[in-house]
Amino acid sequence: MNKSLQRLIAQWQQSPSDTPVQAARSNAGLFGRTNPLMHLLVGTMSACQSGNNLAAVRETAVRDAQNALEPFEAPLKIIEVIAALAPLLGLLGTVMGMMEAFSAMAATEGRANASQLSGGIYEALATTAAGLVVAIPFAALAAWIEFRLRRIHKTINSALVSVFNVIPAEEVTTAPEPANAEPKTTEAPFKEQAHASTDFDSNPRLAHAAG
């Protein structure tokens, strides 16, 4: 999280209603304006300042946060598939090479010399090495990307918690009740909304660690 976002969250925690949300985005610079977290925080803060229903704002923030991480998930899945298939392709080449070696031995009725067996053995070892050369860096890259995604996930979740924890009870709006409805206290509904989770750990993709 860059300094502009940290200042924006600090201002929001001090006075949510007086925080210049839109001005913070326009003054953030090119990198800040293209930052998905900036758009997420500005949209969430603007909705809270507008007096929208807090539960709906929470659901929208969680959905937008998940959508912001989706573009990184497809390349990660491709890298993981390559890392998983490369050793299998190497194993396939190993089996084919050994089949060639034993085929040469069978053709000579067990009297094959080293030159006749070396071709199949070389093919087996070469394909195994090629599979490992491809799989090892791709597996390391997939683990690093998975770690970075979890760091981004944690940063987004922490930022949303910092925003919603300073929402006063007066800003929570509810739908109008019928005239003949029984009177209800405002404490219970707000307590449920106050404890509504802004965490999106239920994302099955992020729950799958590299290990």
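No experiment lies behind these values; they were computed from the predicted model shown.

Draft legend 1. Structural context of the overall build of the chain. What the chain contains, in helices and strands, is eight helices and zero strands. Along the chain, helices (α) and strands (β) appear in the sequence α-α-α-α-α-α-α-α when read from the amino end. Looking at the chain as a whole, 31% of its 211 residues are labelled buried.

Draft legend 2. Representation of the packing of helix H4 (residues 36-49) against helix H5 (residues 54-107) within the structure. Running from N to C, H4 and H5 point in directions that differ by 170 degrees, and their axes come no closer than 10 Å. Judged on the interaxial angle alone, H5 and H4 are roughly antiparallel. Along the contact surface, H4 presents Pro36, Leu40, Thr44, Ala47 and Cys48, while H5 presents Leu54, Val57, Ala61, Asp64, Ala65 and Ala68. Grouping the amino acids of the contact of H4 with H5 by side-chain chemistry returns nine nonpolar, one polar and one charged.

Draft legend 3. Quick look at the packing of aromatic side chains. Tallied over the entire structure, the rule returns zero aromatic pairs. One residue, Arg58, lies across the ring of Phe164, its end atom 4.7 Å from the ring centre.

Draft legend 4. Representation of the nonpolar core. Within the largest apolar cluster, 28 residues are counted, with the highest numbers of intra-cluster contacts made by Leu37, Leu40, Leu41, Met45, Ile156, Leu160 and Phe164. Those elements giving two or more residues to this core turn out to be helix H1 (3-14), H4, H5 and helix H6 (114-164). The contacts of Leu41, once residues within four sequence positions are left out, are Leu5, Ile9, Ala159, Leu160 and Val163.

Draft legend 5. Seen up close, H5. Its 54 residues give H5 an end-to-end C-alpha distance of 79 Å, which sits within 8% of 80 Å, the value for a rise of 1.5 Å per residue. The largest bend in H5 amounts to roughly 35 degrees and is located at Glu70, with the proline Pro71 lying one to four residues further along. Residue Glu109 follows H5 closely and has a positive phi angle near 55 degrees.

Draft legend 6. The arrangement of the packing of H5 against H6 in detail. Across the interface, H5 lies against H6 with an axial gap of 7 Å and an inter-helix angle of 170 degrees. Between H5 and H6, the angle falls in the class roughly antiparallel. For the contact of H5 with H6, a count of residues per class yields 32 nonpolar, 11 polar and five charged.

Draft legend 7. Quick look at H4. Helix length check: H4 (14 residues) gives 20 Å between terminal C-alpha atoms against 20 Å at 1.5 Å per residue, within 8%. Counting buried residues along H4, 10 of its 14 residues qualify, which places the element largely inside the surrounding structure. Burial in H4 covers these residues: Leu37, Met38, Leu40, Leu41, Val42, Thr44, Met45, Ser46, Ala47 and Cys48.

Draft legend 8. How the structure looks around a nonpolar patch on the surface. Nonpolar side chains collect at one region of the surface, where Val81, Leu85, Leu88, Leu89, Leu91, Leu92, Val95, Met96 and Met99 lie side by side and expose about 870 Å² of accessible area between them. Relative to the assigned elements, Leu91 resides in helix H5.

Draft legend 9. Looking closely at the confidence of the model for the chain. Model confidence for the chain is summarised by a mean pLDDT of 74, while 72% of its residues fall at 70 or above. Throughout residues 183-198 the model reports pLDDT below 50, and contacts reaching past four residues in sequence, or to other chains, amount to 18 contacts. When the criterion is pLDDT under 50, residues 204-211 qualifies, and its contacts beyond four places in sequence or with other chains add up to 18 contacts.

Draft legend 10. Broad picture of the environment of Ile9. Along the chain, Ile9 falls in helix H1. Given the relative accessible area of 8%, Ile9 is considered buried. Along the chain, Ile9 and Val21 lie 12 residues apart, while their C-alpha atoms are 9.8 Å from each other.

Draft legend 11. Main features of the environment of Ile79. Within the secondary structure, Ile79 is located in helix H5. Of the residues examined, Ile79 reaches a relative accessible area of 11% and is grouped as buried. Along the chain, Ile79 and Pro137 lie 58 residues apart, while their C-alpha atoms are 9.9 Å from each other. Setting aside its immediate chain neighbours within four residues, Ile79 contacts Phe138, Leu141, Ala142 and Ile145.

About the thresholds
Residues numbered from 1 in each chain as written. Predicted model: local features only at pLDDT ≥ 70, side-chain atom pairs only at ≥ 80, totals over all residues. Heavy atoms only, no water. Helix = DSSP H or I, 4+ residues; strand = E, 2+ residues; numbered from the N terminus. Buried < 20%, exposed > 50% of the residue type's maximum accessible area, 1.4 Å probe, protein only. Axes fitted to C-alpha atoms, helices over the stretch in contact; angles between N-to-C directions. Parallel < 35°, antiparallel > 145°, perpendicular 65-115°, else oblique. Contact = heavy atoms within 4.5 Å. Nonpolar A, V, L, I, M, F, W, Y, C, P; charged D, E, K, R; others polar. Phe/Tyr/Trp six-rings, centres within 6.5 Å; stacked < 30°, edge-to-face > 60°. Lys NZ or Arg CZ within 6 Å of the ring centre and 35° of its normal. Core = buried A, V, L, I, M, F, W, Y, C linked by side-chain atoms within 4.5 Å. Expected span 1.5 Å × (residues − 1). Bend = angle between axes of the 7 residues up to and from the residue. Patch = residues over 30% accessible without salt bridge, like charges linked within 9 Å, V, L, I, M, F, W, Y side chains within 5 Å. Areas by Shrake-Rupley, 256 points an atom, 1.4 Å probe, with all protein chains shown as cover. Salt bridge = Lys/Arg side-chain N within 4 Å of Asp/Glu carboxyl O. pLDDT = per-residue confidence, 0-100.

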